[in-house]
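# Residue-level structural notes
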Amino acid sequence: MSTSVLFDLPGPSARRRQRIGTAVGALVVLGLIGLVLWRLGANGQLQPDRWAVLFDPASGVPQALGDGLVNTLAVAAVGMVAATVLGALLAVGRLSDHAWVRIPVGVVIEFFRAVPLLILILFCLLFLPTVGVPMTAFRALALGLTLYNMAVLAEIFRAGILSVDRGQREAAFALGMRKTQVMTLVLLPQAVRRMLPVLVAQLVVLLKDSSLGFIVGYVELLRTARSLVEFFNFQFGSQYTFQLYVAAGLIYIVLNVVLSQLARTIEKRTRSSSKTAAAKEIELPADVQMGGGGGPV
Amino acid sequence: MQFLSDNADLLWSAFLTTLSLAVVSGVCALVLGTVLAAMRVSPVAPLRGLATFYVEVFRNTPLTVVFFFLAFGIVQIDLQFPSRFITAVAALSLYTAAFVCEALRSGINAVPPGQAEAARALGLTFGQSLRQVVLPQAFRTVVPPLGNVWIALAKNTSIAAGFAVTDLTAALQRLANANADQLLAVFAAVVLGYLVITLPSAWLIRAIETRVAIVR
């Protein structure tokens with residue numbers, strides 16, 4: 001339903017009311033922005049030299065933030081690749097004809113979706129070393145992200161495979177293909193193509209979740225900002241605190257918005273291409289987007 | 001087992017902290033999210049823009065960063081939360097509200113246009129048709145997604161542990177550091193704590209869904 005159905009084509013008095021509403025709304029918004037700017041200005045947070053430090057290579061801040069960003073991207077990349085591969089395998093396993101494959105795989109998927117992501121990461125970090133697996137913060141974070149996201153992606157892939165037209169599968173069998181061939185040559189390629197926008201959207205969630213590294217001591221973007229703040233506090237007092245936090249937050253937002261936009265572009269392309277024209281639009285549910293181990297139990 | 005009963009007090013109070021974090025922020029997020037959703041479908045352009053901006057910003061910011069800002073950054077605009085618990089509630093509510101808003105909006109979009117048109121034809125105003133016709137139906141369609149948002153919220157409360165709130169995850173860290181030999185028992189107890197919240201919620205959501213679902 002388009003939202004315009006909610007209200008009539010405005011008549012003269014309704015238009016006047018709307019104009020008044022618009023003006024009042026704009027005033028409220030501007031007032032809020034002004035209030036925040038005023039408080040920031042009164043505390044001297046808007047002085048240019050405080051922000052200049054973010055772009056001044058001599059201070060080492062841009063380099064450090066860059067390193068933090070690279071660390072964030074590194075752990076997200078590892079998690080994404082591993083989770084995609086494992087997720088595809090699990091999805092195939094869950095669709096298996098054999099109950100002894102299907103049921104355990106289902107249990108694995110449900111388990112990893114039911115546990116908070118932070119608990120998974122802590123488990124990797126604290127428990128695995130006691131059974132002889134050497135652990136670093138990077139590995140624990142990557143492993144936790146992989147375990148959680150592979151379960152999410154498995155469900156997404158499964159939905160994708162099931163959404164491929166029945167005729168494709170029947171035709172493949174009729175040509176004499178074996179089950180493995182049908183899956184790898186016919187069903188999975190179409191499912192992956194259909195799922196591409198969702199895969200990219202999931203990368204955004206994964207990238208967001210990588211900030212949990214802050215809690216387990218992995219030096220990603222947020223932790224970098226924190227340690228820069230501590231370093232500067234020692235020298236100059238809390239002069240640059242706010243600016244560094246804003247910078248870290250903005251980098252995340254810009255990065256994620258760019259990736260989301262990419263997902264939207266891919267979606268438009270795949271939908272307009274004739275090969276997948278019939279594909280149903282599959283949206284990432286809100287709870288998965290929330291990250292941190294969402295998902296139905 | 002002996003070990004867990006020795007620490008039952010800590011675990012129980014941690015469980016209660018997690019539960020109250022989830023409940024209080026759930027209610028706040030629902031209220032804020034509803035307001036945002038109403039703003040996003042309203043005819044007033046600045047409000048629509050503000051709500052869209054809010055949702056985009058919070059959906060693209062990691063929850064950890066939101067926590068971080070409210071814990072350390074907000075001092076710079078002369079605000080200070082009275083306690084760590086309230087900081088955590090604020091962070092969780094602000095973050096979750098964006099997702100509540102999106103879920104509700106999808107529910108509003110799922111209401112057939114005929115309903116709103118009928119409301120209009122009866123002479124109901126925007127506010128009336130939203131309150132009496134569209135929103136009640138929207139709420140009933142979005143029980144499953146809203147329920148999932150709530151479950152995700154319950155799990156996301158674990159992040160509060162990184163910001164000095166003694167919830168289940170914080171109890172886990174504390175117990176695990178002190179008792180390396182009992183790690184599995186500690187993990188099992190804590191995971192059980194989360195499941196005690198999420199599993200019944202899932203059942204309840206399914207029950208509510210079957211009760212209120214609209215057959216279209």
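Residues numbered from 1 in each chain as written. Chains lettered and ligands numbered in written order. Predicted model: local features only at pLDDT ≥ 70, side-chain atom pairs only at ≥ 80, totals over all residues. Heavy atoms only, no water.

## Here we look at the side chain of A:R226
By secondary structure assignment, the location of A:R226 is in helix α10 (residues 221-236). Each residue touching A:R226, except ones within four places of it in the same chain, is listed here: A:F214, A:Y245, B:F68 and B:F72. (Helix = DSSP H or I, 4+ residues; strand = E, 2+ residues; numbered from the N terminus. Contact = heavy atoms within 4.5 Å.)

## Describing the layout of surface pockets
For the largest pocket, the calculated volume is near 1400 Å³. When contributions to the lining of the largest pocket are tallied by element, the ones reaching two or more residues are α1 (12-42) and α11 (241-272) of chain A together with α2 (8-40), α3 (45-59) and α4 (63-73) of chain B. Take the lining of the largest pocket: its biggest share by element is six residues, from α1(A). Among the residues forming the lining of the largest pocket, the class breakdown is 30 nonpolar, three polar and no charged. (1 Å grid on protein atoms, 1.4 Å probe; cavity = no way out; pocket = protein on both sides within 12 Å on 5 of 7 lines; lining within 4 Å. Points joined across faces, edges and corners; volume = space filled by probe spheres on them. Nonpolar A, V, L, I, M, F, W, Y, C, P; charged D, E, K, R; others polar.)

## Remarks on a nonpolar patch on the surface
Residues A:I20, A:V24, A:V28 and A:L32 make up a contiguous nonpolar surface patch of about 350 Å² in total accessible area. For A:V24, the location among the structural elements is in helix α1. (Patch = residues over 30% accessible without salt bridge, like charges linked within 9 Å, V, L, I, M, F, W, Y side chains within 5 Å. Areas by Shrake-Rupley, 256 points an atom, 1.4 Å probe, with all protein chains shown as cover. Salt bridge = Lys/Arg side-chain N within 4 Å of Asp/Glu carboxyl O.)

## Considering unusual backbone geometry
Of note, the phi angle at B:A164 is positive, near 60°, even though the residue is not glycine. For B:A164, a relative accessible area of 54% corresponds to the exposed category. (Buried < 20%, exposed > 50% of the residue type's maximum accessible area, 1.4 Å probe, protein only.)

## Some remarks on the packing of helix α6 (residues 113-121) of chain B against helix α7 (residues 126-141) of chain B
Residue and element names in this part refer to chain B. α7 packs onto α6 with a crossing angle of 165° between their chain directions and a minimal axis gap of 10 Å. Between α6 and α7, the crossing angle belongs to the class labelled roughly antiparallel. In the crossing of α6 with α7, the sense of the turn from one axis to the other is right-handed. Here Q115, A116 and A119 of α6 lie close against α7, whose contacting residues are S129, V133, V134 and Q137. Residue composition of the contact of α6 with α7, by class: four nonpolar, three polar and no charged. (Axes fitted to C-alpha atoms, helices over the stretch in contact; angles between N-to-C directions. Parallel < 35°, antiparallel > 145°, perpendicular 65-115°, else oblique. Left-handed = near helix turned anticlockwise from the far one by under 90°.)

## A word on the environment of B:P145
Residue and element names in this part refer to chain B. Relative to the helices and strands, P145 is located in helix α8 (residues 143-156). We classify P145 as partly exposed; its relative accessible area is 28%. As a C-alpha pair, P145 and S106 span 39 residues in sequence and 9.6 Å in three-dimensional space.

## Brief notes about the side chain of A:R94
Residues and elements named next belong to chain A. By the secondary structure assignment, R94 is in helix α3 (residues 61-94). Accessibility expressed as a relative area gives 17% for R94, which makes it buried. Polar contacts involving the side chain of R94 include one to the side chain of E155, which spans 2.7 Å. (Polar contact = N/O pair within 3.5 Å; in protein donor to acceptor, adjacent residues only side chain to side chain.)

## A short note on helix α4 (residues 99-114) of chain A
Compared with an ideal rise of 1.5 Å per residue, which puts 16 residues at 22 Å, α4(A) spans 22 Å between its outermost C-alpha atoms and is within 8% of the ideal. Those residues of α4(A) that fall on the buried side of the exposure criterion are A:V105, A:G106, A:I109, A:F112, A:R113 and A:A114. (Expected span 1.5 Å × (residues − 1).)

## Topic: the packing of helix α9 (residues 168-178) of chain B against helix α10 (residues 183-212) of chain B
All names here are of chain B. At their nearest, the axes of α9 and α10 sit 10 Å apart, and the two run at 175° to each other. Of the possible angle classes, the one that applies to α9 and α10 is roughly antiparallel. Along its contact with α9, which presents L168, T169, L172, L175 and A176, the element α10 presents L183, V186, F187, V190, G193 and Y194. Looking at side-chain class alone, the contact of α9 with α10 contains nine nonpolar, two polar and no charged residues.

## Thoughts on the interface of chain A and chain B
Listed by partner, the interface residues are 58 residues for chain A and 64 residues for chain B. Between chain A and chain B, a total of about 5400 Å² is buried, with carbon and sulfur atoms accounting for 72% of that surface. Inspection of the region where chain A meets chain B yields six residue pairs in polar contact (both at pLDDT 80 or more). At the level of secondary structure, the elements contributing two or more residues to the side of chain A that touches chain B comprise α1, α4, α5 (117-126), α8 (179-209), α9 (213-216), α10, α11 and α12 (286-289) of chain A. Ranked by residues supplied to the side of chain A that touches chain B, first place goes to α11(A) with 10 residues. (Buried area = accessible area lost by both parts, 1.4 Å probe.)

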